[in-house]
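Each chain is listed here by its residues.
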Amino acid sequence: MATLRDNFPQYKYKKIRNESFSINDLINKIYYLKNITGTDITYVSGCILSVDLDVPFCLTTFPKEWLDYYHQQEYIHVDPVVSYGLGSLKPALFSDISSPYAKSRELRLHAAERGIFRSGFVVPLRGPLVNRAMVCFSSLERPEQWKSTCVSLQAQFIQLAHELHENVLAIGHFPQAEVALTARQKQCLKWASLGKTASETAMIIGITERAVRAHLVSARSVLNASNITQAVAKATALHVIF
């Protein structure tokens, strides 16, 4: 965690100006924050009032394999950190949040076993457009070591969380071109994310291989991605596909 302690004074003067901020900037920023903090970053809103995006908004640097497993196991319904972050006001260590359900404890166990996280710090957030939101900093440090880290860096984590929240609010609404994929584009991206070729996807969803490739090309354009891999990553980060 020395990287955050060393980099934070310089980082404060490298903010991207809010008036030009976009969803792509948000994605780039959370990966930048991951690099300087040595933690995975997750931003979740309980609700965003937007004419173009009427679903809860989430950005995360967790690997896609973990997100797929998380959704498959329906951990969102028992995740104690999400419940706390969207329902409380005070920042907290993951270790200080109770896990009342067996599946909640299973979630933490599997995250540690898979090298995803052992510890973390959640910052609940509130704002005029987003009634409930949260930012998590997740680490592989053991709880005792992480607690020591947070003692010295808690203020910086809170400042980073509020800055990220302000960036989300500054966007106001999300341009339709950045998030509005067609049902077919989502289908094709979803099967691509599962390792299926265009030919295999065509057989699964009942259209031609040429049509699959056309939908993937269109999805790349909508997501401003340079290739299918990046399109899948962006669609996953934006929760357009699960």
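Residues numbered from 1 in each chain as written. Predicted model: local features only at pLDDT ≥ 70, side-chain atom pairs only at ≥ 80, totals over all residues. Heavy atoms only, no water.

Colleague: Please provide a residue-by-residue account of the pairing of strand β1 (residues 40-45), values included.
Modeller: Most of β1 is tucked away, with 6 of its 6 residues classed as buried. Because side chains alternate across β1, one face comprises the buried residues Asp40, Thr42 and Val44, and the other comprises Ile41, Tyr43 and Ser45, equally buried. Pairing geometry for β1 and strand β5 (residues 133-139), over 6 bridges, is antiparallel. Paired with Tyr43 across the strands is Val135, a residue of β5. (Buried < 20%, exposed > 50% of the residue type's maximum accessible area, 1.4 Å probe, protein only. Helix = DSSP H or I, 4+ residues; strand = E, 2+ residues; numbered from the N terminus. Pairing = 2+ DSSP bridges.)

Colleague: Explain the pattern of salt bridges to me, and be specific about the residues and the numbers.
Modeller: In the structure shown here, the tally under the stated rule is 4 salt bridges. Ionic pairing is found between Lys34 and Asp40, a salt bridge with its closest N-O pair at 3.1 Å. Residue classification places Lys34 among the partly exposed positions, given a relative accessible area of 28%. (Salt bridge = Lys/Arg side-chain N within 4 Å of Asp/Glu carboxyl O.)

Colleague: Now, about unusual backbone geometry: what can you tell me, with residues and values included?
Modeller: One non-glycine residue, Glu74, adopts positive backbone phi at about 55 degrees. Position of Glu74 among the secondary structure elements: in the loop between α3 (64-72) and α4 (80-87). Of the residues examined, Glu74 reaches a relative accessible area of 48% and is grouped as partly exposed.

Colleague: Which residues make up the packing of helix α8 (residues 183-193) against helix α10 (residues 209-222), and what are the values?
Modeller: Look at α8 against α10: their axes get within 9 Å of each other, and the N-to-C directions meet at 95 degrees. Judged by the inter-axis angle, α8 sits roughly perpendicular to α10. Contacts between α8 and α10 pair Arg184, Gln185, Cys188, Leu189 and Ala192 from the former with Val212, His215, Leu216, Ser218, Ala219 and Val222 from the latter. Across the contact of α8 with α10, the residue classes tally to 7 nonpolar, 3 polar and 1 charged. (Axes fitted to C-alpha atoms, helices over the stretch in contact; angles between N-to-C directions. Parallel < 35°, antiparallel > 145°, perpendicular 65-115°, else oblique. Contact = heavy atoms within 4.5 Å. Nonpolar A, V, L, I, M, F, W, Y, C, P; charged D, E, K, R; others polar.)

Colleague: Which residues make up α4, and what are the values?
Modeller: By the burial criterion, the buried members of α4 are Pro80, Val81, Val82, Gly85 and Leu86. Structurally, α4 contributes buried residues whose contacts are with β1, α3, α5 (102-113), β4 (119-125) and β5. The backbone nitrogen of Val81 lies 3.0 Å from a side-chain oxygen of the residue at the head of α4, namely Asp79. (Polar contact = N/O pair within 3.5 Å; in protein donor to acceptor, adjacent residues only side chain to side chain.)

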